[in-house]
Amino acid sequence: MPPATWLPRDPRLLQIAFLSTFLMLGVGWLGFDVPPWQPPLIALTACATQWAMTRWMRTPPAGYLSPIITSLGLSLLLRTDAFWVGPFAAAVAISSKFLLRARGKHLFNPTNLGLVVAMLLTQHAWCSPSQWGHGAAQWGWFAAFGLAVAHRSFRSDVSLAFLGAWVLLKAARVFYLGAPWTSLQHQLSAGGLILFTFFMISDPKTTPDHRAGRVLFAVAVAGLAFFLLHGLWWQNALVWSLALLSPFTPLIDRLLPANRFQWPSGGASPRTDACASPSSQPA
Amino acid sequence: MRFPLLATGLMAALVNLAAPAAEAFCGFYVGKADTSLFNDASQVVLVRDGERTVVTMSNDYKGELTDFALVVPVPVVLKREQIHVGERRHIERLDAYSAPRLVEYFDRDPCAPVQMEKRMSAMGAAPGAKGGGGGSMDKSLGVTVEAQYTVGEYDILILSATESEGLETWLRESGYKIPPKASKALAPYIKQDMKFFVAKVNLKEQKATGFSYLRPLQMAYESKKFMLPIRLGMANARGPQDLVIYALTRQGRVESSNYRTVKVPSDMDVPVYVKEEFNQFYPALFSKAHEKAEKRALLTEYVWDMGWCDPCAADPLSNEELRALGVYWVNEGDGVRGAMGGVPVTLTRLHARYDGEHFPEDLVFQVTNDKQNFQARYVLRHAFKGEMKCDEGKEYLLQLDKRHRKEAETLAELTGWSLGTITKKMGADAPGKKPAKDQEGSWYQKLWK
């Protein structure tokens, strides 16, 4: 399906629109525990870090869309009771793109790493996975799938493979336990899952280059998260699972080589094969 | 025989402690809404530190003691020393300490010199705190009695089962009247390899205790699982049930990781007549907030360091009381309390109103690093009623009318009550009402009151 003509070519603009709507809804309506100054502070730190690292590492400027997406992701997921933790997570997230690289690609999804480092190293960070209401989550799924249908660049094989695997595992568990099916619906209506599916794991810059590799990666993330959550009772299992498996991306790239992804605005012409559909989240 | 879980249908008949009006920085505490305002509210205290958990289940069962039975899924087989019978007064103290509260302020005379301000007392320190062993197995039903003990007035069995229908039959044959949907509700716990803690009242022991009520049951265990099984209790529930959870941790606030946790609306100015109607106000506010959260959320009513409070609805619990509830890391005589000196214990009070439709799975919790204090607190501001002959007085009356309007609107929004009824009940404070012409006359009306 050709991208809807009224939608911008660069999917990152769509992501920014989606995430900022979610954030405004969350802070204004759903009672997210986010002080209004926190998202701008995080965004400012992220952009400043991007600027400083670009100069320091003498890399070609890549614009500020990606740091803004990272900032929105962090603002939505990271909770803290200290003002410096948000900016700290943003600085870690953006710096990691320049410092933690393998085979010319950064290793970790910046939002994911920022979250994990803040939770591991500070005594002031946590993540509230269920802070979206039922209605908001339904709206979120509707909007995310709507965008995926309308805009090819929003579609991602990683997202779909992950979601397929996750839903199957969850459904199998509900069936095995003999729990009511409404519990499956309840588990899938978590807003954090939408963000993870369409804005974190889908990051084309940190997932394997080859489609088979991406599907393998997505299924592995779902499987490990399922084990962490239901086997070890870890909270925020999706976030931990992605962080633990991201270092394996270079290995998968080595075994299954393919062309490298470029954002449409990044100068290179977009790939035409369907599997290259650039999806979401930060470069 | 009933089949309650987590004291289903059990309500804490709390003595409404006549709490003293404690002076505090944030106004004078005048009233509180404890759990006795909510019918059928169960209360559970959860102490959690790493994987160590102590659960205290409040029990206000009022029926025939021979009919009492409690079935709770637990993650491990409990030894005799892991089970204890606690005291109800500790839970009542927690309830009183953390209850939503009303505070009041009195406007000063707008015509009086400002020096009054300087009298403001220094930040007032909150008042300081002062065996057996089973092994028999009915193979045909797949039920194993892992252990059985008599603890206090309770006869306790720890069961494991391999299939839910067998367990249901076993319970039924052993004299427990199980509701029809029980087997379906039991199945998921069996599949997760959970054990069943089954308690009945030992009438002889109960008589010996001299208590006319059942004391709370406590269990201490280690498990990765930090959850509360609520689904089983829904099998015989007639409608939504209220559950108040008091979570005590070393690390910080507790929230649900599989349901939304929202803070109850707080820190609002409401008309002063609410003082007389607080018992209707808070339940109405809670219902409205619960509906706004699509009936699928846990509402946070209180988060505070256990060392102090401001204003205090009741004194913080002493180390001795905390230890009795399972806070094993505090020792009697530890630390100096009061003067906002914290102790390494954060209390979170969560209030859930759940039913089968909106809560399709058990409550799972996580301990966060959040140490920000929060309390459900509503403010009454008494207008200055004396003589005012200065310009500031006129301005004050103008602002006062605006304030009363806002208070009425806030109250209507918080509770869903009609604005008309509210303004009628506000009497002389109703917005738009002209101050009595005979304002001067009021001085003698008050003289001999």
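Looking up chain B in an unreviewed UniProt entry gives the name DUF2330 domain-containing protein, with the organism given as Melittangium boletus DSM 14713.

Naming follows an unreviewed UniProt entry, where chain A appears as Na+-transporting NADH:ubiquinone oxidoreductase, subunit NqrB of Melittangium boletus DSM 14713.

1. Things to note about the domain arrangement of chain B
Residue and element names in this part refer to chain B. Looking at the assigned domains, one finds that chain B contains domain 1 (36-110 + 148-259 + 296-379) and domain 2 (384-439). Once you take the C-alpha centre of each, domain 1 and domain 2 turn out to be 43 Å apart. In this assembly, four residues from domain 1 lie in contact with nine residues from domain 2. Counting the surface lost from both domain 1 and domain 2, the interface buries some 500 Å², and carbon and sulfur atoms represent 62% of this. Taking the shortest distance from any N to any O, the salt bridge between Asp 107 and Arg 403 comes out at 2.8 Å. Scanning the region where domain 1 abuts domain 2 turns up two residue pairs in polar contact (both at pLDDT 80 or more). Here the residues of the side of domain 1 that touches domain 2 are counted per class, giving one nonpolar, no polar and three charged.

2. Considering the side chain of A:Ser159
Residue and element names in this part refer to chain A. Take Ser 159: it is sitting in helix α7 (residues 157-177). Of note is the side chain of Ser 159, whose polar atom sits 2.7 Å from the backbone oxygen of Thr 197. If we ignore the near neighbours within four places in the chain, the residues touching Ser 159 are Thr 197, Phe 198 and Ser 202.

3. Notes on the nonpolar core
Counting residues in each nonpolar core, the largest one holds 75 residues, and the members touching the most others are A:Phe18, A:Phe162, A:Trp166 and A:Ile201. Looking at this core element by element, the count peaks at nine residues for α7(A). Formed jointly, this core draws a minimum of three residues from each of two domains, domain 1 (11-127) and domain 2 (134-255) of chain A. Each residue touching A:Phe18, except ones within four places of it in the same chain, is listed here: A:Gly140, A:Ala143, A:Ala144, A:Leu147, A:Ile194 and A:Phe199. Listed in part, the 41 residues of the second largest apolar core include B:Val44, B:Val55, B:Ala247 and B:Phe365.

4. Quick notes on unusual backbone geometry
Residues and elements named next belong to chain B. With an omega of -5 degrees, the peptide bond between Asp 310 and Pro 311 qualifies as cis. For Pro 311, the location among the structural elements is in the loop between β18 (297-305) and α6 (319-325). One non-glycine residue, Lys 295, lies in the positive phi region at around 60 degrees. Note that Lys 295 resides in the loop between α5 (278-292) and β18.

5. So, the packing of aromatic side chains
Given two aromatic rings, their pairing is described by the distance between the two centres and the angle made by the two planes. Residues and elements named next belong to chain B. Enumeration according to the criterion identifies 25 aromatic pairs over all chains in this entry. For the pair Phe 281 and Tyr 378, a centre-to-centre distance of 5.1 Å together with 80 degrees between the ring planes defines the contact as edge-to-face. Of this pair, Phe 281 sits in helix α5 while Tyr 378 sits in strand β22 (residues 377-382), and the two are 97 residues apart along the sequence. Taking the relative accessible area as the measure of exposure, Phe 281 reaches 0% and is therefore buried.

6. Focus: the state of the cysteines
Residues and elements named next belong to chain B. Tallying each qualifying case throughout the model produces two disulfides over all chains. Residue Cys 111 pairs covalently with Cys 390 via a disulfide, S to S 2.0 Å. Here the disulfide of Cys 111 and Cys 390 is left-handed, its torsion about the S-S bond being about -85 degrees. Within chain B, bonded cysteines paired by disulfides and numbered along the sequence follow the pattern 1-4, 2-3.

7. Some remarks on the interface of chain B and chain A
Contacts between the two partners involve 31 residues from chain B, matched on the other side by 32 residues from chain A. Between chain B and chain A, a total of about 2600 Å² is buried, with carbon and sulfur atoms accounting for 49% of that surface. Together, B:Lys191, B:Arg260 and B:Asn369 form the three largest contributors to the area buried by chain B at its contact with chain A, with a combined 23%. The tally of links from chain B across to chain A stands at one salt bridge. Here A:Asp33 makes a salt bridge to B:Lys263, at a shortest N to O gap of 2.8 Å. The tally of links from chain B across to chain A stands at 13 residue pairs in polar contact (both at pLDDT 80 or more). When contributions to the side of chain B that touches chain A are tallied by element, the ones reaching two or more residues are α3 (182-191), β16 (260-263) and β20 (363-367) of chain B. A per-class count over the side of chain B that touches chain A returns nine nonpolar, eight polar and 14 charged.

8. Points about the domain arrangement of chain A
All names here are of chain A. For chain A, the domain assignment lists domain 1 (11-127) and domain 2 (134-255). Facing the 26 residues of domain 1 at the interface are 30 residues of domain 2. Contact between domain 1 and domain 2 buries roughly 2600 Å² in total, counting both sides, with carbon and sulfur atoms accounting for 77%. Seen at the junction of domain 1 and domain 2, the total is two salt bridges. Notably, a salt bridge pairs Lys 105 with Asp 253, separated by 2.8 Å at the nearest N-O pair. Our enumeration of links across domain 1 and domain 2 arrives at seven residue pairs in polar contact (both at pLDDT 80 or more). Looking at the side of domain 1 that touches domain 2, the elements with two or more residues in it are α1 (11-28), α3 (65-77), β3 (105-106) and α5 (110-121). Looking at the side of domain 1 that touches domain 2 element by element, the count peaks at eight residues for α1. Along the lines of polarity and charge, the residues of the side of domain 1 that touches domain 2 split into 18 nonpolar, six polar and two charged.

9. A word on the sheet that holds strand β13 (residues 227-228) of chain B
All names here are of chain B. Here three strands make up an open sheet; going across it, the order is β13-β20-β15 and the pairing antiparallel. Among the strands making up the open sheet, the edge pair consists of β13 and β15 (254-256). Across three bridges, the pairing between β15 and β20 is antiparallel. Residue pairing across strands places Ser 256 opposite Phe 365, the latter belonging to β20.

10. Thoughts on the UniProt feature "transmembrane region" (unreviewed entry) in chain A
Residues and elements named next belong to chain A. Here the UniProt feature "transmembrane region" (unreviewed entry) sits at residues 12-32, 82-100, 158-178, 184-201 and 213-232. Secondary structure across residues 12-32 divides into 81% helix and 0% strand, with the first and last C-alpha atoms of the span separated by 24 Å. Helix makes up 95% of residues 158-178 and strand 0%, with an end-to-end C-alpha separation of 30 Å.

11. Description of α3(A)
Because each turn of an α-helix spans 3.6 residues, side chains separated by three or four positions in sequence point in the same direction. Here α3(A) is 13 residues long and its end C-alpha atoms lie 19 Å apart, about the 18 Å a rise of 1.5 Å per residue gives. Listed as buried for α3(A) are A:Ser66, A:Pro67, A:Ile69, A:Thr70, A:Ser71, A:Leu72, A:Gly73, A:Leu74, A:Ser75, A:Leu76 and A:Leu77.

12. Looking at a nonpolar patch on the surface
Together, A:Trp56, A:Met57, A:Leu99 and A:Leu100 make up a nonpolar patch on the protein surface, roughly 410 Å² of accessible area in all. Mapped onto the elements, A:Trp56 comes out in helix α2 (residues 38-57).

About the cut-offs
Residues numbered from 1 in each chain as written. Chains lettered and ligands numbered in written order. Predicted model: local features only at pLDDT ≥ 70, side-chain atom pairs only at ≥ 80, totals over all residues. Heavy atoms only, no water. Domains from an automatic or database assignment. Contact = heavy atoms within 4.5 Å. Buried area = accessible area lost by both parts, 1.4 Å probe. Salt bridge = Lys/Arg side-chain N within 4 Å of Asp/Glu carboxyl O. Polar contact = N/O pair within 3.5 Å; in protein donor to acceptor, adjacent residues only side chain to side chain. Nonpolar A, V, L, I, M, F, W, Y, C, P; charged D, E, K, R; others polar. Helix = DSSP H or I, 4+ residues; strand = E, 2+ residues; numbered from the N terminus. Core = buried A, V, L, I, M, F, W, Y, C linked by side-chain atoms within 4.5 Å. Buried < 20%, exposed > 50% of the residue type's maximum accessible area, 1.4 Å probe, protein only. Phe/Tyr/Trp six-rings, centres within 6.5 Å; stacked < 30°, edge-to-face > 60°. Disulfide = S-S within 2.5 Å. Pairing = 2+ DSSP bridges. UniProt positions renumbered as here; feature names shortened; annotations may be inferred. Expected span 1.5 Å × (residues − 1). Patch = residues over 30% accessible without salt bridge, like charges linked within 9 Å, V, L, I, M, F, W, Y side chains within 5 Å. Areas by Shrake-Rupley, 256 points an atom, 1.4 Å probe, with all protein chains shown as cover.

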